[in-house]
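Each chain is listed here by its residues.
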Amino acid sequence: MGAEATMETRGGGRRPAYRLHYASFESRVAAGALDVLVMFIIAALLVTAGSLIVLISSDFERVEPSATALSAFWVCVGLIPLALVLYFFVGFAWKGQTVGAAVMQLMVVRSDGRPLGVLGAMARVIGQLFYVLLAGIGVVAAYALRESALLAGLALGVAFVLAAAGILWAAFDRHRRTLHDRLAGTIVVRLV
């Protein structure tokens, strides 16, 4: 059972206090797994769209595809990171939920219990991109150290352990916050 907190509403004190029920670590992991599935679907749709353009351009592989069709394919592939960032941003800004969070009946709110809004959603997405930055640093360090497989593997391992620690933090935090929750000033609550 998740931790609870009582939040007083402001504005004249006419409205009663309400309770926030922090989401459990397990429900957050399940929501994250569902979001990974949605991200794969988004990526697959973009790759499929680009592939169809190439297939049609090549007259179903009877001739070489045009350079424009190949460029369109790579544009579709290049749009995947932007589409994934927009998936999270729009979900958080609109309802404070991604598809995974909605299925698991979770919502992301500010630490004071108010809805995220556009700026809060931006902060949350930027906080999540911190893990991508850590992984990128690990990949670059591994490439730079490619002469030694041990050092390259160690660089990748350290980067991924740090990223995992930021997420696993929620299992031990009293309010079930990850590193990106702390960076963005957000909490994840159960809808009750």
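Residues numbered from 1 in each chain as written. Predicted model: local features only at pLDDT ≥ 70, side-chain atom pairs only at ≥ 80, totals over all residues. Heavy atoms only, no water.

Caption draft 1: Fine view of the pattern of salt bridges. By the definition in use, this model includes 6 salt bridges. Across the pair D181 and R124 runs a salt bridge, and its minimum N-O distance is 2.0 Å. One end of the pair, D181, is in helix 6 (residues 179-184); the other, R124, is in helix 4 (residues 117-144), with 57 residues separating them in the sequence. Close ionic contact of D173 with R177 constitutes a salt bridge, the shortest N to O distance being 3.4 Å. The exposure classification of D173 matches that of R177, with both residues buried. (Salt bridge = Lys/Arg side-chain N within 4 Å of Asp/Glu carboxyl O. Helix = DSSP H or I, 4+ residues; strand = E, 2+ residues; numbered from the N terminus. Buried < 20%, exposed > 50% of the residue type's maximum accessible area, 1.4 Å probe, protein only.)

Caption draft 2: Layout of the packing of helix 2 (residues 67-94) against helix 4. Contact pair helix 2 / helix 4: the axes reach a minimum separation of 8 Å and the direction vectors enclose 145 degrees. The hand of the helix 2/helix 4 crossing is right-handed. Here V85, F88, F89, F92 and A93 of helix 2 lie close against helix 4, whose contacting residues are G117, V118, A121, M122, R124, V125, Q128 and L129. Here the contact of helix 2 with helix 4 is built from residues that sort into 10 nonpolar, 2 polar and 1 charged. (Axes fitted to C-alpha atoms, helices over the stretch in contact; angles between N-to-C directions. Left-handed = near helix turned anticlockwise from the far one by under 90°. Contact = heavy atoms within 4.5 Å. Nonpolar A, V, L, I, M, F, W, Y, C, P; charged D, E, K, R; others polar.)

Caption draft 3: The confidence of the model for the protein, seen in detail. Here the protein averages 90 in pLDDT, while 91% of its residues score no lower than 70. Contacts of residues 7-16 to residues separated by more than four positions or lying in other chains number 10 contacts, the stretch itself having pLDDT below 50. (pLDDT = per-residue confidence, 0-100.)

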